[in-house]
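Analysis of the macromolecular model
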Amino acid sequence: PARALHARYPDGARDAESLFILPGGDMYIITKGTDGPVMLYRYPVTARGESGVVLERVREAMAQPQHRTQYVTGATTVGDGSRVAIRTYGSIHFHASEDLVGGGVTEPVNVDVRGLREEQGEGIAVAQDGTVWLSSEAEDGNPMLARLECVLPG
């Protein structure tokens, strides 16, 4: 059966559409960046089932977007969880998970997807073979799916 997990941000309400779960079970929520820098928060696996959980503010994941194409709209883990893919309307940022959630310097591999001309790119999934699937809402009511093959270093 479905179960709701209730939590709150330590620094007030945030606009967030993206989350990912690492193999250890911790859940991470990424803010969209509509009202400040893109922030990363953690909902620890040990807090599941508790009430009144306050998310842990992990870090600023990206600077405040200067254009709507930089708003974060989706995220997912990649393969064994060693990478996290963060999607915006205009790009995908592949981060080393350890650096992203550990607070270290993170130098993502960035993939520009503006050439897809998506109306409103939102969803991202990465298959076991590394194929990236993107979904987009469309103004005419017909969603768009895109398939990419990204070869990441290392």
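Above: the structure in question.
Scope of this entry: the structure provided in the associated data block. Please read these numbers as outputs of a predicted model, since none were measured by experiment.

Comments concerning the overall build of the protein chain
In terms of helices and strands, the protein chain carries one helix and 13 strands. Over its C-alpha atoms, taken along the principal directions, the protein chain stretches across nearly 45 × 35 × 35 Å. Out of the 154 residues belonging to the protein chain, those deemed buried represent 42%. Pairs at least 24 apart in sequence give 40% of the contacts found in the protein chain among residues at least 6 apart.

Focus: the packing of aromatic side chains
Taken as a whole and judged by the stated rule, the model has two aromatic pairs. Judged by centre distance (4.8 Å) and plane angle (75°), the ring pair of Tyr9 and Tyr41 falls under edge-to-face. Of this pair, Tyr9 sits in the loop between β1 (7-8) and β2 (16-21) while Tyr41 sits in strand β4 (residues 38-43), placing them 32 residues apart in sequence. The exposure class of Tyr9 is buried, given its relative accessible area of 17%. Where Phe20 meets Tyr28, the ring centres are 5.1 Å apart and the plane angle is 15°; that geometry is what we call stacked. For the pair shown, Phe20 and Tyr28 are each scored as buried. Above the face of the Tyr89 ring, Arg68 is positioned so that its terminal group lies 4.2 Å from the ring centre.

Regarding the sheet that holds strand β13 (residues 144-149)
A sheet is described by the order of its strands in space; here three strands give the open sequence β11-β12-β13, paired in antiparallel fashion. Looking at the sheet topology across the chains shown, the edges are occupied by β11 (120-126) and β13. Each neighbouring strand pair of the sheet contributes to a mean axis angle of 25°, computed without reference to strand direction. Pairing analysis gives six bridges linking strand β12 (residues 131-137) to β13, with the strands arranged antiparallel. Residue Ser136 lies in a different strand from β13, and its bridge partner there is Met144.

Examining the side chain of Ser18
Within the secondary structure, Ser18 sits in strand β2. For Ser18, a relative accessible area of 3% corresponds to the buried category. A distance of 2.9 Å separates a polar side-chain atom of Ser18 from the backbone nitrogen of Gly74.

Considerations on the sheet that holds strand β7 (residues 72-78)
Note on sheets: strands pair through backbone hydrogen bonds, and any given pair is parallel or antiparallel. One open sheet accounts for four strands, arranged β7-β8-β9-β10; its pairing is antiparallel. With partners counted over all chains shown, the strands left at the sheet margins are β7 and β10 (109-112), one partner each. Taking the axes of each pair of neighbouring strands and ignoring which way they run, one obtains an average angle of 20° across the sheet. Across five bridges, strand β8 (residues 83-88) lies against strand β9 (residues 91-96) in antiparallel orientation. When the sheet's bridge partners are listed, Arg87 is paired in β9 with Ile92.

With respect to the environment of Gly115
Position of Gly115 among the secondary structure elements: in the loop between β10 and β11. Residue class for Gly115 comes out exposed when judged on its relative accessible area of 66%. C-alpha of Gly115 to C-alpha of Gly90: the two residues are 25 residues apart in sequence and 8.5 Å apart in space.

A few points about the environment of Trp133
Residue position: Trp133 is located in strand β12. Each C-alpha atom of the pair Trp133 and Met27 lies 21 Å from the other, and the pair is 106 residues apart in sequence. Among residues more than four places away in sequence, those in contact with Trp133 are Gly123, Ile124, Ala125, Ala146 and Arg147.

Each value, and the rule that gives it
- Residues numbered from 1 in each chain as written.
- Predicted model: local features only at pLDDT ≥ 70, side-chain atom pairs only at ≥ 80, totals over all residues.
- Heavy atoms only, no water.
- Helix = DSSP H or I, 4+ residues; strand = E, 2+ residues; numbered from the N terminus.
- Buried < 20%, exposed > 50% of the residue type's maximum accessible area, 1.4 Å probe, protein only.
- Contact = heavy atoms within 4.5 Å.
- Phe/Tyr/Trp six-rings, centres within 6.5 Å; stacked < 30°, edge-to-face > 60°.
- Lys NZ or Arg CZ within 6 Å of the ring centre and 35° of its normal.
- Pairing = 2+ DSSP bridges.
- Axes fitted to C-alpha atoms, helices over the stretch in contact; angles between N-to-C directions.
- Polar contact = N/O pair within 3.5 Å; in protein donor to acceptor, adjacent residues only side chain to side chain.

Purely spatial values, then, with no claim about function.
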